[in-house]
Structure formats: C-alpha cells, structure tokens
Amino acid sequence: MEMIESGSFWADSQPGEDIERTALEILGKGASWSSDVDVWGDEDSTCLSMVRDRNRVVEILLRVDLRNIQKPDLARLLDGFKRARVLLVDEAAQLCEPTLSAVLQALQASTAWKYVTDPAAFIASLSEEDLRH
C-alpha cells in the first residue's frame, strides 16, 4: 500500500512500448490536455492514459467503460499489461493481476458495476452525504 500512496510504482523500471502499441490498435490515439500525458481512447469511454514526468512514466490509468467495452479488446489490453509485467490497482486500492478473470471480478465489485446493473437500486443505496458530493 505504501507504493500506492507514494506513487513510486515506476521509480525503478519503465513499461515497454507494448502497452502503447496495443492501446493504439484497440483504442486509437486520443486527445490529451497536456504534453506530459498520452491518451488512447476517449475520456468519456474506455481510456488509457500515461502520465510522464521528465519523459519517465509516473502513472498509467485505465478507465473501463462498462457500457461498451468488448471482452476481446479488454483481454488484448490486459495481455499488453501482462507482457509489461504490470499489476493493476482497483477502485478499492487492491492489487489485481492483469487477467480477464481478475479484472472482471474487480469490475463486478465496483460502484460503476452496481450502477450499470441496477441504477435505481444503486441510487436508493446512497446516503444523504453521498448525494451531496
């Protein structure tokens, strides 16, 4: 957990270009808001972003849009992560292997999954404080 909080995942190594190639093939190049951030896909859908500081990767973010992601595409992205020896951190700050089964399990535990599968029940489960934020 210390690595998550300190942001030091990429201090001693850097991901290869395999992740970028796979993201380009599946998601296409997306628009970026900064010269230090590369984006593949669309921020309103499934999206991968790679943040750099002085040309070194410091963060990779994968947003999976549950409304329209295709399992074969997700599996190919995850294979790229696996080849790069990347572990994922899910919404609950738990490490997740880059396999389709592990990621699907993490997705099914997410708030996004709860909303997509039953929006009315999800909204009814929110507290007054949740609704204010």
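Predicted model, so just to flag it, every value in this text is computed and none were measured.

**A closer look at the packing of helix H2 (residues 18-27) against helix H3 (residues 71-83)**
Between H2 and H3, the shortest axis-to-axis distance is 8 Å and the interhelical angle comes to 170°. Judged on the interaxial angle alone, H3 and H2 are roughly antiparallel. On the side of H2, the interface is formed by Asp18, Ile19, Thr22, Ala23, Glu25, Ile26 and Leu27, while H3 contributes Asp73, Arg76, Leu77, Gly80, Phe81 and Arg83. Class assignment for the residues of the contact of H2 with H3 results in 6 nonpolar, 2 polar and 5 charged.

**Overview of the packing of aromatic side chains**
Taken as a whole and judged by the stated rule, the model has 1 aromatic pair. Their ring planes at 80° and their centres at 5.8 Å tell us that Tyr115 and Phe122 sit as a pair that is edge-to-face. The side chain of Lys29 reaches across the aromatic face of Trp40, ending 4.3 Å from its centre.

**Looking at a nonpolar patch on the surface**
Together, Leu87, Val89 and Leu95 make up a nonpolar patch on the protein surface, roughly 260 Å² of accessible area in all. Its location among the elements puts Leu87 in the loop between H3 and strand E4 (88-89). Here Leu87 falls in the partly exposed class, since its relative accessible area comes to 44%.

**Brief notes about the confidence of the model for the chain**
Per-residue confidence for the chain averages 83 on the pLDDT scale, and 86% of its residues sit at or above 70. Ranking the helices and strands of the chain by mean pLDDT puts strand E1 (residues 37-41) first, with 94, and helix H1 (residues 2-6) last, with 46.

**Description of the pairing of strand E3 (residues 56-63)**
Bridge analysis of strand E2 (residues 47-53) against E3 gives 7 bridges, and the strand direction is antiparallel. Directly across from Val51, in E3, lies its bridge partner Glu59. Remark: 2 residues form the turn of the hairpin made by E2 and E3, two consecutive strands paired antiparallel; Arg54 in that turn has positive phi of roughly 55°.

Quick notes on the rules
- Residues numbered from 1 in each chain as written.
- Predicted model: local features only at pLDDT ≥ 70, side-chain atom pairs only at ≥ 80, totals over all residues.
- Heavy atoms only, no water.
- Axes fitted to C-alpha atoms, helices over the stretch in contact; angles between N-to-C directions.
- Helix = DSSP H or I, 4+ residues; strand = E, 2+ residues; numbered from the N terminus.
- Parallel < 35°, antiparallel > 145°, perpendicular 65-115°, else oblique.
- Contact = heavy atoms within 4.5 Å.
- Nonpolar A, V, L, I, M, F, W, Y, C, P; charged D, E, K, R; others polar.
- Phe/Tyr/Trp six-rings, centres within 6.5 Å; stacked < 30°, edge-to-face > 60°.
- Lys NZ or Arg CZ within 6 Å of the ring centre and 35° of its normal.
- Patch = residues over 30% accessible without salt bridge, like charges linked within 9 Å, V, L, I, M, F, W, Y side chains within 5 Å.
- Areas by Shrake-Rupley, 256 points an atom, 1.4 Å probe, with all protein chains shown as cover.
- Salt bridge = Lys/Arg side-chain N within 4 Å of Asp/Glu carboxyl O.
- Buried < 20%, exposed > 50% of the residue type's maximum accessible area, 1.4 Å probe, protein only.
- pLDDT = per-residue confidence, 0-100.
- Pairing = 2+ DSSP bridges.

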